[in-house]
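Structural description and commentary
Spelled out, the chains give:
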Amino acid sequence: MKLQRRALIRSLFTAAAVMAVPRWLLASRPDAAFDADNTASVVGDLFEGPITESDQVTLKVPDIAENGAVVPVTVSTALTDVESISVMVENNPTPLVAMFELSPQSVPEISVRIKMGESSKVQTVVKAGGKLYSASKEVKVTIGGCGG
Amino acid sequence: MGKPIKIKAKIKGDVAEVKALMPHPMESGARVDADTGETVPKHYIEEVVCKHNGNVVNTAFWGTGVSKNPYMAFKFKGAKPGDKLEISWRDNTGDTSVSEVTFK
């Protein structure tokens, strides 16, 4: 009897702890999306609902990348309540490059350097307030950065 | 244990600006070694966690498309001088690295 009560109390505590964790902390790495070989599968794996092209999302990436092995990308947005920022390169063997999950403490501005195998559309998707927004840009690559 | 992460963190107004450089080969699994002719296996950072005084500020999930020796910059609110900033990564082989700096 005593043991049962202890187990019950323990399970209640566990449940409370799980519920207390903010929603944005719960996600783990979306492995399937990172393995997907086309943008449509990545989007299908990662997101639910329509994605709207938005001028509130700023994607800073060079027009011409001389070295595809190191292409600087900065994503920022005027949107509030930003939950995640993802970066995809359409023509890479696996288009999903990075996904950043932001806490409410974050300022929605992220920079990272990425590889591009060839000239391609670079796309970012920002999840803010439960909705999805995107921006994209064509980048011309002079020397590819995925092989040797 | 992976190589230490180089972190630059400063406070500008009410916003903390963080720049991090993580020495790591970031092998995509597609590169062929010029000497041996063999494909170099995948070896890349999968997850980066940034914490301010122990609280997660952001989590980055990466694929093989992030450049060698990854650079990452981000900003967040609420940091004060003396606060700690910790960045850690885990790669696909299970290797990890953790570094910490204190805001001035």
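Here we summarise the structure given alongside this text. (Residues numbered from 1 in each chain as written. Chains lettered and ligands numbered in written order. Predicted model: local features only at pLDDT ≥ 70, side-chain atom pairs only at ≥ 80, totals over all residues. Heavy atoms only, no water.)

From N to C terminus, chain A includes 4 helices and 9 strands. Taken from N to C terminus, the helices and strands of chain A fall in the order α-α-α-α-β-β-β-β-β-β-β-β-β. Residues classed as buried in chain A amount to 43% of the 148 residues present. Sequence separation of at least 24 residues holds for 65% of the intrachain contacts in chain A that already meet a minimum separation of 6. With an accessible surface of roughly 8,000 Å², chain A has 55% of that area assigned to carbon and sulfur atoms. (Helix = DSSP H or I, 4+ residues; strand = E, 2+ residues; numbered from the N terminus. Buried < 20%, exposed > 50% of the residue type's maximum accessible area, 1.4 Å probe, protein only. Contact = heavy atoms within 4.5 Å. Areas by Shrake-Rupley, 256 points an atom, 1.4 Å probe, with all protein chains shown as cover.)

Another aspect to go through is the interface of chain A and chain B. Taken residue by residue, the interface counts 32 residues in chain A and 29 residues in chain B. In total, chain A and chain B occlude about 2,500 Å² of area from one another, counting both sides; carbon and sulfur atoms represent 51% of this. Its largest share of buried area at the contact with chain B, chain A owes to Arg29(A), Gln105(A) and Lys115(A), together 27% of the area lost on that side. Summed over the shared surface of chain A and chain B, the number is 2 salt bridges. Salt-bridge contacts for Glu46(B) lead to Arg29(A); the nearest nitrogen and oxygen are separated by 3.8 Å. Remark: the boundary between chain A and chain B carries 18 residue pairs in polar contact (both at pLDDT 80 or more). Secondary structure elements with two or more residues in the side of chain A that touches chain B: helix 2 (23–26), strand 6 (96–102) and strand 7 (106–114) of chain A. (Buried area = accessible area lost by both parts, 1.4 Å probe. Salt bridge = Lys/Arg side-chain N within 4 Å of Asp/Glu carboxyl O. Polar contact = N/O pair within 3.5 Å; in protein donor to acceptor, adjacent residues only side chain to side chain.)

All right, on to the environment of Val42(A) then. Residue and element names in this part refer to chain A. Relative to the elements of secondary structure, Val-42 occurs in helix 4 (residues 39–46). In this structure, the C-alpha to C-alpha distance between Val-42 and Ala-32, residues 10 residues apart in sequence, is 7.9 Å. Excluding residues that lie within four positions of it along the chain, Val-42 makes contacts with Ala-33, Ala-36, Met-88, Pro-95 and Leu-96.

Looking now at the pattern of salt bridges. Evaluation of the coordinates by the stated rule reveals 11 salt bridges over all chains. Its salt-bridge partner being Lys12(B), residue Glu17(B) comes within 4.0 Å of it at the nearest N-O pair. Residue classification places Lys12(B) among the partly exposed residues on the basis of a relative accessible area of 48%. Between Arg31(B) and Glu27(B) there is a salt bridge, and its shortest N-O distance comes to 2.9 Å. Overall, Arg31(B) belongs to the partly exposed group, its relative accessible area being 27%. One network of salt bridges, in which partners are shared, links Arg29(A), Asp31(A), Glu46(B), Glu47(B) and Arg90(B).

Attention now moves to the side chain of Ser88(B). Relative to the helices and strands, Ser88(B) resides in strand 6 (residues 84–91). Sequence-distant contacts of Ser88(B), that is, excluding residues within four places in its chain, are made with Ile5(B), Glu47(B), Val48(B), Val49(B), Ser97(B) and Val98(B).

Take it as geometry only, folks, not as evidence of what the structure does.
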